[in-house]
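Summary of structural features
In case you want the letters, here they are:
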Amino acid sequence: MHRTPHSSPHLRIVSVLSLLAALLLPLGMTYAPGALSAPRADPVRVMPLGDSITGSPGCWRAVLWNRLVNSGYRNIDFVGTLPPQGCGQAHDGDNEGHGGELVTSVADQNLLPGRLASTRPDIVVMHFGTNDVWSSIAPDRILAAYTKLVGQMRASDPDMRILVAQLIPMNPSSCAGCAQRVVDFNALIPGWARATGTARSPVTVVDQWTGFSTAADTYDGVHPNASGDDKIAARWFPALSAVLDAGVPPDPGDPGEDPAACTARFRALSSWQGGYQGEVTVTNTSDSAVRGWTATVVPAHGARLTQLWNGSLTTAADGTATVGNAAWNGTLAPGASATFGFVATAPASAGPPAAAVTCTGTTPAA
């Protein structure tokens, strides 16, 4: 959309109607908006996903909705299994902001697939993890939950567009360490997003932390007040409008290879001061055979992969490792798995071995 629903299936026709009005009115003719319209395409479905900062009541959603509508984005539908929760201004209040939820719990209990099936979003706008940070859950475990949710989003729609927030600051009186833990967690999100995003289903990081004040923009050191709602909406707006302008593409019908669903699981086999041996298992979770796979490994605590077997290794400057299948383990039947191993070096002061892992697979064209 260029500030209106666009030609993909989401284009606005208001400018066309305005032109027709200019031509018809001098002739004494009138028209009713919509009466001359072509059938409207289905709206773009946007799911606001998170905890009480997104719901309860999450009034940044109301501010964002009205800014979108006032900017000409009419063919949109906020979706979620939760109803509107007030906010004092008209808006599409459906959302998936469950107060008190931990993203790790949502992942562990597989709560998201049912919510996706009920609402069928095209875009997910996610600010999630505040309760996990407050609960001192390790950042790598939170990112692993993010990765699982992204996999479930793509299982719902392979073209899912995903916007993920760096969390707003948190400084409640009852949690002295929360402020720094948010900073530490936010620092890991861009690397995770680079490793997790794909050309077909990109992950966009939205910085909600910079310029947000717990003193001025929250009422309790955690939840946004009216000023905070305005700031959150202002940060979401350009990122979301860019996705809407680009459009949600149809199935490209690539005659070569199609994406296949797969999962990747990391475990540490042994560790020592300055390094560890790890293993990643790639599993084909699609209904078709996989003809090849690629895994991404983002080691925690500054570790870097130095040796690898049963795959091919490429390492980026930030330590992100991309592993392609070997010639003998690339083809996986539905439900089948392949495993590769590696040795990683790590700073002497690093914590227990951990890594965020994702994968993509390809299937032969039909």
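Residues numbered from 1 in each chain as written. Predicted model: local features only at pLDDT ≥ 70, side-chain atom pairs only at ≥ 80, totals over all residues. Heavy atoms only, no water.

1. Things to note about the overall build of the protein chain
Going by this rule: Strands here are runs of E lasting at least two residues and helices are runs of H or I lasting at least four, both read from the DSSP assignment and numbered beginning at the N terminus. We call a residue buried when its accessible area falls under 20% of the maximum for its residue type, exposed when it is over 50%, and partly exposed in between, using a 1.4 Å probe and counting protein chains only. Between two residues, a contact is recorded if the distance between any of their heavy atoms is within 4.5 Å. Shrake-Rupley sampling with a 1.4 Å probe provides the accessible areas, and residues are treated as covered by the protein chains on show and by no other component.
For the protein chain, the helix and strand inventory stands at 9 helices and 15 strands. Each of the 366 residues in the protein chain was classed as buried or not, and the buried ones make up 49%. Excluding contacts between residues fewer than 6 apart, the proportion of contacts in the protein chain whose partners are at least 24 apart in sequence is 74%. A total of about 16,000 Å² of accessible surface is found on the protein chain, and carbon and sulfur atoms cover 55% of it.

2. Let's talk about the pairing of strand β14 (residues 337-345)
As a reminder, the rule being used: A pair of strands is considered paired only if DSSP assigns at least 2 bridges between the two.
As paired elements, strand β9 (residues 275-284) and β14 share 9 bridges and run antiparallel to each other. Of the residues in β14, the one forming a bridge with Y276 is A344. In this sheet, β14 lies alongside strand β11 (residues 304-309) in antiparallel orientation, the contact comprising 5 bridges. Bridging from a neighbouring strand, W309 pairs with G341 of β14.

3. Details of the side chain of T358
Note the following rule: N or O atoms closer than or at 3.5 Å make up a polar contact, with two conditions inside protein: a donor-capable atom paired with an acceptor-capable one, and, for residues adjacent in sequence, both atoms drawn from side chains.
By secondary structure assignment, the location of T358 is in strand β15 (residues 355-364). For T358, a relative accessible area of 11% corresponds to the buried category. Of the polar contacts made by the side chain of T358, one reaches the backbone oxygen of A195; its length is 3.3 Å.

4. A closer look at the nonpolar core
Defined as follows: Only buried residues count toward a nonpolar core, which is a set of Ala, Val, Leu, Ile, Met, Phe, Trp, Tyr and Cys residues joined through side-chain atoms within 4.5 Å.
Residues Y146 and M153 are the most contacted members of the largest nonpolar core, which totals 64 residues. Top contributing element to this core by residue count: helix α9 (residues 226-246), with 8 residues. Once residues lying within four places of it in the same chain are set aside, the contact partners of M153 are L49, L112, L116, V124, M126, M160 and I162. Residues V290, A295, V297 and V357 belong to the second largest nonpolar core, which totals 24 residues.

5. Quick look at the sheet that holds β11
Under the convention used in this document: Axis lines are fitted to C-alpha atoms, over the contacting stretch for helices. Their N-to-C directions set the angle, which ranges from 0 to 180 degrees.
The antiparallel open sheet is built from 4 strands, whose spatial order is β8-β9-β14-β11. Edge positions in the open sheet fall to β8 (262-272) and β11, since each of these has one partner strand only. With direction set aside, neighbouring strand axes in the sheet form an average angle of 30°.

6. Section: the packing of helix α2 (residues 60-70) against α9
How two helices sit against one another is set out by the angle between their axes and by the gap between those axes. Just so we agree on the cut-off: Here the word oblique covers every angle except those under 35 degrees (roughly parallel), over 145 (roughly antiparallel) and from 65 to 115 (roughly perpendicular). Handedness of a helix crossing follows the sense of rotation of the near helix relative to the far helix, less than a right angle counterclockwise being left-handed and clockwise being right-handed. Amino acid classes used here: Ala, Val, Leu, Ile, Met, Phe, Trp, Tyr, Cys and Pro are nonpolar; Asp, Glu, Lys and Arg are charged; the rest, including Gly, are polar.
For the pair α2 and α9, the least separation of the axes is 8 Å and the interaxial angle reads 45°. As the angle between them shows, α2 and α9 are arranged oblique. Between α2 and α9 the crossing geometry is right-handed. Packed against α2, whose contacting residues are W60, V63, L64, R67 and L68, the element α9 presents D229, D230, I232, A233, A234, W236, F237, L240 and L244 at the interface. In terms of residue class, the contact of α2 with α9 is made up of 11 nonpolar, no polar and 3 charged.

7. A few points about the pattern of salt bridges
Rule in force here: The salt bridge criterion pairs a side-chain nitrogen of Lys or Arg with a carboxyl oxygen of Asp or Glu, the two atoms within 4 Å.
Under the defined criterion, the tally for this structure stands at 8 salt bridges. Between R200 and D159 there is a salt bridge whose closest N-O contact spans 2.7 Å. Taken together, the residues span a long stretch of sequence, with R200 in the loop between α7 (178-196) and β6 (203-207) and D159 in the loop between α6 (139-156) and β5 (161-166) at a distance of 41 residues. Judged by relative accessible area, D159 falls into the buried class, the value being 8%. Connected through shared salt-bridge partners, E96, E101 and R115 make up one network.

8. A short note on the packing of helix α4 (residues 112-119) against α6
Their axes nearest at 10 Å, the elements α4 and α6 cross at an angle of 30°. By the angle class used here, α4 and α6 are roughly parallel. Regarding α4 and α6, the two cross each other, and that crossing is right-handed. Taken together, the residues of α6 that come into contact with α4 (itself represented by L112, P113 and L116) are L149, Q152, M153 and S156. Here the residues of the contact of α4 with α6 sort into 5 nonpolar, 2 polar and no charged.

9. Notes on the confidence of the model for the protein chain
Selection rule: Per residue, pLDDT captures the predictor's confidence, and it can take any value from 0 to 100.
Across the protein chain, the average pLDDT comes to 84, with 84% of residues at 70 or higher. Across the protein chain, strand β4 (residues 123-127) holds the top mean pLDDT of 98, while helix α1 (residues 14-24) sits lowest at 38. The low-confidence segment residues 1-40, where pLDDT is below 50, has 61 contacts with residues more than four positions distant or belonging to other chains. Scored below 50 in pLDDT, residues 251-258 makes 15 contacts in the model with residues more than four places away or belonging to other chains.

10. A few points about the state of the cysteines
Condition: When two cysteine sulfur atoms lie within 2.5 Å, the pair is treated as a disulfide.
By the definition in use, this model includes 3 disulfides. Residue C59 pairs covalently with C87 via a disulfide, S to S 2.1 Å. Its S-S torsion of approximately -95° makes the covalent link between C59 and C87 left-handed. A residue pair is termed long-range when its members are at least 10 positions apart, and C59 in the loop between β1 (44-50) and α2 and C87 in the loop between β2 (76-78) and β3 (96-97) qualify at 28 residues. By relative accessible area, which is 15% here, C59 ends up buried. Residue C175 pairs covalently with C178 via a disulfide, S to S 1.9 Å. Note on the C175 and C178 pair: the S-S dihedral is about 85°, so by sign convention the disulfide is right-handed. Owing to a relative accessible area of 6%, C175 belongs among the buried residues under this scheme. Residue C178 is classed as buried on the basis of its relative accessible area of 0%. Described in terms of the sequence order of its bonded cysteines, the disulfide pattern of the protein chain is 1-2, 3-4, 5-6.

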